[in-house]
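Residue strings, one per chain:
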Amino acid sequence: KESSELINMHTGEDAPSSPSDYLTQGQVHAVFLYEDGRKVLVAAGDDGVHEIELRPAILGKQILKTGTIIFDVYYKDDKLYLAEGDGGFSVWKYDLNNTPECIGRYKPENQGIYQLLIDADKKYAFLHVGSNILEIVDISNPEEMKQVSSDTPYIGLMYRFPIARGFLKNRFAASSWHAFG
């Protein structure tokens, strides 16, 4: 690692830079930036979920190890949402001061979940399932999550992070897949 490597997360002109010296034991698949820009959550593969403070110095810790591979992470209103590959999709109660507590899990048959997108009302999860499926799951009751819709392209595969981040007018989601021709 070069000593000149910096993470430069500006929230104002006088915001300091921090040396990038936090490493996880697992492969980092995704990063979620808290709204205040001071912390991130890291989906660190088989090393679970890490929470990292960015300023005044980089300080991090593992907050959860599920025994699965964490591919994607999202946090909103004391809820932690995880795409856990073959472990499925899970919802955790997490108030930032305590250990996360699992309050629900959705697992499609014979398919892993690799990306998630949660709508603004936290009622639906848009999930990248397997190699080419987009599922919409009702998460309004995390203890009884259920699929309400799915879409499979008639041809082609979905590669890493095919679901666009964010919604258009809090209603429309977009995804992409690879097809020949």
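No experiment lies behind these values; they were computed from the predicted model shown.

Student: Can you walk me through the overall build of the protein chain in this structure?
Tutor: A count of helical and extended segments in the protein chain gives zero helices and 14 strands. Taking all 181 residues of the protein chain together, 41% fall into the buried category. Long-range pairs, those at least 24 residues apart, make up 36% of the contacts in the protein chain with a sequence separation of at least 6. Here the protein chain displays about 10500 Å² of accessible surface, and carbon together with sulfur accounts for 48% of that area.

Student: Just checking my understanding: could you explain the sheet that holds strand E7 (residues 72–76) for this structure?
Tutor: By definition, the strands of a sheet pair up through backbone hydrogen bonds, in either a parallel or an antiparallel sense. As summarised here, the arrangement of the four strands in space is E7-E8-E9-E10, forming an open sheet in which the pairing is antiparallel. Since the sheet does not close on itself, it has two edges, and those belong to E7 and strand E10 (101–106), each with one partner. Here the strands of the sheet are splayed against their neighbours by 20 degrees on average, with no regard to which way each runs.

Student: Honestly, the pairing of strand E11 (residues 113–118) in this entry has me stumped. Any pointers?
Tutor: Looking along a regular strand, one sees the side chains alternate between the two faces of the sheet. Where burial is concerned, most of E11 is hidden: five out of the six residues are buried. One ladder, built from five bridges, connects E11 with strand E12 (residues 124–129); its direction is antiparallel. The residue of E12 that forms the bridge with Gln 115 is His 128. Connecting E11 to the antiparallel partner E12 that follows it, the hairpin turn spans five residues, and Lys 122 within it adopts a positive phi of roughly 55 degrees.

Student: What's the story with the environment of Glu 101 in this structure? I'm lost.
Tutor: Along the chain, Glu 101 falls in strand E10. Distance from Glu 101 to Val 91, taken between C-alpha atoms, is 8.5 Å for residues 10 residues apart in sequence. Apart from residues no more than four positions distant in its own chain, Glu 101 is found in contact with Val 91, Trp 92 and Lys 93.

Student: Looking at this structure, how should I read the packing of aromatic side chains?
Tutor: Taken as a whole and assessed by the stated rule, the structure comprises seven aromatic pairs. Taken together, a centroid distance of 5.8 Å and an interplanar angle of 75 degrees make the contact between Phe 32 and Tyr 34 edge-to-face. For the pair Phe 32 and Tyr 34, a shared accessibility class is recorded, and that class is buried. An angle of 45 degrees between the planes, with centres 5.9 Å apart, marks the rings of Tyr 74 and Tyr 81 as tilted. A residue is classified by how much of its surface remains accessible, and Tyr 81, at 3% relative accessible area, is buried. An aromatic cluster of three or more residues is present, and its members are Phe 32, Tyr 34, Tyr 74, Tyr 75, Tyr 81, Phe 89 and Tyr 94.

Student: What's the story with the confidence of the model for the protein chain in this structure? I'm lost.
Tutor: When pLDDT is low, close inspection of the predicted coordinates is not appropriate. Of the residues in the protein chain, 73% reach a pLDDT of 70 or more, and the chain-wide mean stands at 80. Confidence drops under a pLDDT of 50 for residues 1–13, and excluding neighbours within four residues, the segment shows 20 contacts in the predicted structure.

Student: Hey, could you run me through the environment of Glu 143 in this one?
Tutor: Note on placement: Glu 143 falls in the loop between strand E13 (133–138) and strand E14 (146–151). Separated by 40 residues in the primary sequence, Glu 143 and Ile 103 have C-alpha atoms spaced 6.1 Å apart.

Student: Explain the sheet that holds E13 to me, please; I cannot follow it from the model alone.
Tutor: If you walk across this open sheet you meet the four strands as E11-E12-E13-E14, and the pairing is antiparallel. Here the strands that pair on one side only, and so sit at the sheet edges, are E11 and E14. Strand-to-strand, the axes of this sheet are offset by a mean angle of 25 degrees, without reference to chain direction.

Reading guide: rules and limits
- Residues numbered from 1 in each chain as written.
- Predicted model: local features only at pLDDT ≥ 70, side-chain atom pairs only at ≥ 80, totals over all residues.
- Heavy atoms only, no water.
- Helix = DSSP H or I, 4+ residues; strand = E, 2+ residues; numbered from the N terminus.
- Buried < 20%, exposed > 50% of the residue type's maximum accessible area, 1.4 Å probe, protein only.
- Contact = heavy atoms within 4.5 Å.
- Areas by Shrake-Rupley, 256 points an atom, 1.4 Å probe, with all protein chains shown as cover.
- Pairing = 2+ DSSP bridges.
- Axes fitted to C-alpha atoms, helices over the stretch in contact; angles between N-to-C directions.
- Phe/Tyr/Trp six-rings, centres within 6.5 Å; stacked < 30°, edge-to-face > 60°.
- pLDDT = per-residue confidence, 0-100.

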